[in-house]
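Examining the three-dimensional arrangement
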Amino acid sequence: MSLQTPDPFKFHDKEKGAVVDEASLPASVEVSPEDVLVRRFGRFGPLLAKLFASGVEARGVERVPEDQRETKNMWNNLLMWWSVNTVLTTIPIGTLAQEFYTLTLPHAIATILCFGALGGVATAFISTLGPRTGLRTMIITRFSSGYFGGTIYSILNILTQLGFSVTAVILGGQTLASVNPGTLPLVVGIIIIGILSLIPCFVGYHLVHYYERYAWIVVFIIVMFLWGLGGHAGFDINAQKPIEDTGRALSADILSFGGIVFGSFTGWAPVAADYNCRLPADTSSTKVFLLTFFGLWIPICFVEILGATLMTITNPAYVQAYADGSTGGLVANVLSPWGGFGRFLLVLLGLSVVANNIPNTYSAGLSMQTLGRPFAAVPRFAWTFLAFVIYTVAAVAGREHFSEILSNFLSILSYWTAFFIAIVAEEHFIFRRKGGPLGGYNLDDWDTPSKLPLGFAGILAGCFGVAGAVVGMSEVWYTGPLGKKAGAEFGADLGFELAAGFAAVTYPLLRWLEIRYTGR
């Protein structure tokens, strides 16, 4: 029986004629990834066969055919992202509102809610493409930016996920080390978090989903404890009022912090389809969108606002705890009234980082496979292990500079994810819509460069996006001309807004020309 693929994936291509509905092909067309890898690696084949038989995922970036889709992880579009973001790692993003931008709590909350909603919408859209294509996110970019353009995005995504992992394992290690100062070296704490993150990612998709389905429960309760204990210590919503900027300087602070918040959401966009591409092709896009949006927006805002609120505690002991131990030290001090039980909760909070680091580790490995066919020939779990080694070493090297790494990394992250989302969205809604220039996606072409777009439109629009980010950005080490004009002394960070805008304006014309002269 043939499964019907919903529009715009069942269509008549105006340039190529009839496009095959992959669901109508017999399952025998695809040789299982397990068999391919076992045969490819000769003498190591029996070892790989045992690994796959024990449950290790063999499938990497290959498309998931319709007859191999599963319905059991639908609600993980909400629960997975809830677990990933209801973690200790989300708290320090909120603290940046006061540490770097001197925002009062009301302004911090408004910025988190508004910029968070914008980032949530963008990421939730990308997630809807997973079930409809059966492809991983970085493979989907090939349909707008070509094979080579998709490789560029894969490189950016590798750096993004490794950067996320570095900040995650540093914070987790800091927290474990602060439970009983002097007993657990920070380096050991970082390695513990890294290894625990590696295990489910090495096994693969199903164990990742199983862990993330439940990981949020205990941590959510601890977050509620932090709200209560922090309130008992004394929140002062006007604590930053005497030092908050005014006028253009205040608007610059809000825009700059908003870029960081936006990046904390859209950092998941380049991996959003990786975790639902096995859902049936006829899965409701609206349902996927809403579950993903609320799975991101509610927990991220809730926990980032907690971070901003904890910074309003004016008790000198808490202020000093943050100065000495950053977020981990502050959280440890908040839990300190509960003595041994508080230290136990701190251990659980430190370990919560694992849930946040799992998608970074898993998707970094997939993005390494997307670099090209020679890379895809290497088993997925090998790249996952390499990603673990790289970010663990980098975290050990940068462990004393957590806040600086986090602030600069998230700002820059928002730039490229903004134009990446703009380009993919315009390709989908303008050129791949039913009745549009291409009428849909020929999903069989995902790994055939000669049938994919040449990519000059996507790559050139991405370059315009970079130009927009450069002229609009405001970082410690560089401020663009428009960024300078938009703010006061230190400028305002308009990087992600201009990156998205420049790419969105240029891509449609460039893509129209590309289709007109190449037919693809």
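Residues numbered from 1 in each chain as written. Predicted model: local features only at pLDDT ≥ 70, side-chain atom pairs only at ≥ 80, totals over all residues. Heavy atoms only, no water.

1. Side note on the overall build of the protein
The line we're drawing: Secondary structure elements follow DSSP: runs of H or I of four or more residues count as helices, runs of E of two or more count as strands, with numbering from the N terminus. Each radius of gyration reported is based on C-alpha atoms, and the globular scaling rule is 2.2 Å times the count of residues to the power 0.38. Accessible areas in this description were obtained via Shrake-Rupley with a 1.4 Å probe; residue shielding takes into account the shown protein chains only. Charge counting follows a simple rule: Lys and Arg are positive, Asp and Glu are negative, and His as well as the terminal groups are ignored. Charged groups are reduced to one reference atom each: NZ for lysine, CZ for arginine, CG for aspartic acid, CD for glutamic acid.
Looking only at helices and strands, one finds 20 helices and 2 strands in the protein. For 520 residues, the compact-globule estimate of 2.2 N^0.38 gives 24 Å, and the C-alpha radius of gyration of the protein, at 23 Å, lies within 12% of that figure. Along the first, second and third principal axes, the C-alpha set of the protein runs to 70 × 55 × 35 Å. For the protein, the exposed area adds up to about 19700 Å²; of that, 69% sits on carbon and sulfur atoms. The distance from the centre of the 32 positive side-chain charges to the centre of the 35 negative ones in the protein is 7 Å.

2. With respect to the confidence of the model for the protein
Stated formally: By definition, pLDDT measures how confident the predictor is in each residue, and it falls between 0 and 100. Only heavy atoms matter for contacts: two residues are in contact if any of them lie within 4.5 Å across the pair.
Predicted confidence across the protein gives a mean pLDDT of 88, with 92% of residues reaching 70 or more. Highest mean pLDDT in the protein belongs to helix H6 (residues 137-140) (97); lowest belongs to strand E2 (residues 17-18) (38). Every residue in residues 1-28 is under pLDDT 50, and counting partners more than four places away or in other chains gives 61 contacts.

3. Focus on the packing of aromatic side chains
Within a pair of aromatic rings, the relevant descriptors are the distance that separates the centres and the angle that separates the planes. Using the following cut-off: Here is the rule: rings of Phe, Tyr and Trp (six-membered ring for Trp) pair when centre to centre is within 6.5 Å. Planes less than 30 degrees apart are stacked, more than 60 are edge-to-face, and the remainder are tilted. Each residue is assigned to one of three classes by its accessible area relative to the maximum for its type, calculated with a 1.4 Å probe on protein chains only: buried under 20%, partly exposed between the two thresholds, exposed over 50%. Comment: the charge-over-ring label is applied if NZ (Lys) or CZ (Arg) is within 6 Å of the ring centre and within 35 degrees of the ring normal.
Using the criterion set out here, one finds 33 aromatic pairs in the structure. A ring pair is formed by tyrosine 275 and tyrosine 362, whose centres lie 5.5 Å apart and whose planes are at 45°; its orientation type is tilted. Remark: tyrosine 362 occurs in helix H14 (residues 339-369) and tyrosine 275 occurs in the loop between helix H11 (247-266) and helix H12 (285-310); sequence separation between them is 87 residues. A single burial state applies to tyrosine 275 and to tyrosine 362, both of which are buried. Grouping aromatic residues by their ring pairs yields a cluster made of Trp82, Trp216, Phe220, Trp227, Phe235 and Phe302. Of note, arginine 278 hangs over the ring of tyrosine 205, and the distance from its end group to the ring centre comes to 4.7 Å. In this structure, arginine 432 is placed above the aromatic ring of tyrosine 441, and the distance from its NZ or CZ to the ring centre is 5.1 Å.

4. Points about unusual backbone geometry
The residue threonine 102 is not glycine, and still its phi comes out positive at about 50°. Looking at where threonine 102 falls in the secondary structure, it is placed in the loop between helix H4 (91-99) and helix H5 (105-133).

5. Section: the pattern of salt bridges
For the record, the criterion: Between Lys or Arg on one side and Asp or Glu on the other, a salt bridge is scored when a side-chain nitrogen of the former is within 4 Å of a carboxyl oxygen of the latter.
Considering all chains together, one arrives at 9 salt bridges under this definition. Salt-bridge contacts for arginine 142 lead to aspartate 447; the nearest nitrogen and oxygen are separated by 3.1 Å. Here arginine 142, found in helix H7 (residues 142-179), pairs with aspartate 447, found in the loop between helix H17 (402-431) and helix H18 (456-472); they are 305 residues apart in sequence, far enough to count as distant. Residue arginine 432 pairs with glutamate 427 through a salt bridge whose shortest N-O separation is 2.7 Å.

6. Comments concerning the nonpolar core
The condition that has to hold: Among the buried residues, those of types Ala, Val, Leu, Ile, Met, Phe, Trp, Tyr and Cys that are joined through side-chain atoms within 4.5 Å form a nonpolar core.
Counting 118 residues, the largest nonpolar core has Ile126, Leu226, Phe257, Val331, Leu335 and Phe420 as its most contacted members. Looking at this core element by element, the count peaks at 13 residues for H7. Setting aside residues no more than four positions away along its own chain, isoleucine 126 makes contact with Thr137, Ala269, Ala272, Ala273, Phe420, Ile421 and Val424.

7. A look at the side chain of threonine 86
Going by this rule: Throughout this description, a polar contact denotes any pair of N or O atoms lying within 3.5 Å of each other; where both atoms belong to protein, one of them has to be capable of donating a hydrogen while the other can accept it, and for residues adjacent in sequence the pair is counted only when both atoms sit in side chains.
Structurally, threonine 86 is set in the loop between helix H3 (76-85) and H4. Assessed through its relative accessible area of 1%, threonine 86 is described here as buried. Among the polar contacts listed, one links the side chain of threonine 86 to the backbone oxygen of tryptophan 82, at a separation of 2.6 Å. Excluding anything up to four places from it in sequence, threonine 86 contacts Trp216, Val219, Phe220, Val223, Pro299 and Val303.

8. Quick look at the environment of glutamate 304
You can see glutamate 304 is positioned in helix H12. With relative accessibility at 0%, the residue glutamate 304 sits in the buried group. Between the C-alpha atom of glutamate 304 and that of isoleucine 91, which follows or precedes it by 213 residues, the distance is 5.1 Å. Residues in contact with glutamate 304, not counting those within four places in the same chain, are Thr90, Ile93, Gly94, Ile112, Val261 and Ser264.

9. Section: the state of the cysteines
For clarity, the cut-off: To count as a disulfide, a pair of cysteine sulfur atoms needs to be within 2.5 Å.
Tallied over the entire structure, the rule returns 0 disulfides. As a non-bridged cysteine, cysteine 201 has cysteine 277 as the owner of its nearest cysteine sulfur, 15 Å distant. On the accessibility criterion, cysteine 277 (1% relative accessible area) is buried.

10. Some details on the packing of helix H10 (residues 216-233) against H14
Selection criterion: Note on method: axes are straight lines fitted to C-alpha atoms, helices fitted across the in-contact stretch only, with angles between N-to-C directions ranging 0 to 180 degrees. Roughly parallel here means an angle under 35 degrees, roughly antiparallel means over 145, roughly perpendicular means 65 to 115, and every remaining angle is called oblique. Each crossing gets its hand from how the near helix is turned against the far one by less than a right angle, where anticlockwise is left-handed and clockwise is right-handed. Under this grouping Gly is polar, as are all residues other than the nonpolar Ala, Val, Leu, Ile, Met, Phe, Trp, Tyr, Cys and Pro and the charged Asp, Glu, Lys and Arg.
Put simply, H10 and H14 touch, their axes get as near as 10 Å, and they point 125° apart. Judged by the inter-axis angle, H10 sits oblique to H14. Every pair of crossing elements has a handedness; the one defined by H10 and H14 is left-handed. In this structure, H10 uses Val218, Val219, Ile222, Phe225 and Leu226 to contact H14, whose residues at the interface are Leu345, Leu348, Leu349 and Ser352. Each residue belonging to the contact of H10 with H14 can be placed in one class, and the counts come to 8 nonpolar, 1 polar and no charged.

11. Re the environment of isoleucine 91
Residue placement: isoleucine 91 occurs in helix H4. Owing to a relative accessible area of 1%, isoleucine 91 belongs among the buried residues under this scheme. Contact partners of isoleucine 91, with chain neighbours within four places excluded, come to Leu226, Val303, Leu306, Gly307, Thr327 and Val331.

12. With respect to the environment of leucine 460
Along the chain, leucine 460 turns up in helix H18. Sequence separation of leucine 460 and threonine 506 is 46 residues, and the distance between their C-alpha atoms is 8.4 Å.

13. Describing the side chain of asparagine 357
Along the chain, asparagine 357 falls in helix H14. In this structure the side chain of asparagine 357 is engaged in a polar contact, spanning 2.7 Å, whose partner is the side chain of serine 165. A polar contact is formed between the side chain of asparagine 357 and the side chain of serine 197, at a distance of 3.0 Å. With sequence-adjacent residues up to four places away left out, asparagine 357 is seen in contact with Ser165, Ala168, Val169, Ser197 and Tyr391.

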